[in-house]
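# Summary of structural features
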Amino acid sequence: QQSDGQLFFPLVNTGAKPDALVAARSSICTLIELRMNNRYDDPPLTAIELAPAKPVAMRPTARHLRLMGLDRPLIRGDRFSVILDFLNAGEVEIEVFVEEKSGD
């Protein structure tokens with residue numbers, strides 16, 4: 001059974017000052033880690049730095065969020081919410097749409 005998943009989405013700081021994504025949570029999993037790559041032996045990131053107006057790429061072999069301890073398998077078409085916690089901007093809720101896994 002699927003217990004982990006990966007989350008990718010456009011991440012841009014629209015403010016005038018630097019910020020950082022420092023945590024994330026969702027009711028569908030027990031933990032969300034900030035990750036730099038796909039290797040399980042690398043420690044999770046403590047933050048994803050966000051310079052003003054500079055998009056941060058997210059993809060399987062780069063920055064992404066790892067959903068750990070999923071309460072059910074993710075199926076294409078599923079939707080769920082994730083709360084992102086930014087150092088300066090505070091909490092922002094996003095809606096996630098599950099898509100088919102694609103090549104990198």
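So, here is what we can say about the structure in this document. (Residues numbered from 1 in each chain as written. Predicted model: local features only at pLDDT ≥ 70, side-chain atom pairs only at ≥ 80, totals over all residues. Heavy atoms only, no water.)

### Considerations on the pairing of strand β6 (residues 79-86)
Each regular strand displays side chains that alternate between the two surfaces of the sheet. Across the two faces of β6 the burial differs, with Phe80, Val82, Leu84 and Phe86 buried and Arg79, Ser81, Ile83 and Asp85 not buried at all. Bridge analysis of strand β2 (residues 19-25) against β6 gives 4 bridges, and the strand direction is antiparallel. Each bridged residue has a counterpart across the sheet, and for alanine 23 the counterpart in β6 is aspartate 85. Sheet topology note: the β6/strand β7 (residues 90-97) ladder contains 8 bridges and is antiparallel. By the bridge assignment, phenylalanine 80 is partnered in β7 with valine 96. (Buried < 20%, exposed > 50% of the residue type's maximum accessible area, 1.4 Å probe, protein only. Helix = DSSP H or I, 4+ residues; strand = E, 2+ residues; numbered from the N terminus. Pairing = 2+ DSSP bridges.)

### Comments concerning the layout of surface pockets
To find leftover empty space, one rolls a probe the size of a water molecule over the atoms. Taken as a whole, the second largest pocket spans an internal volume of roughly 200 Å³. At the level of secondary structure, the elements contributing two or more residues to the lining of the second largest pocket comprise β6 and β7. Here the residues of the lining of the second largest pocket are counted per class, giving 10 nonpolar, 3 polar and 1 charged. (1 Å grid on protein atoms, 1.4 Å probe; cavity = no way out; pocket = protein on both sides within 12 Å on 5 of 7 lines; lining within 4 Å. Points joined across faces, edges and corners; volume = space filled by probe spheres on them. Nonpolar A, V, L, I, M, F, W, Y, C, P; charged D, E, K, R; others polar.)

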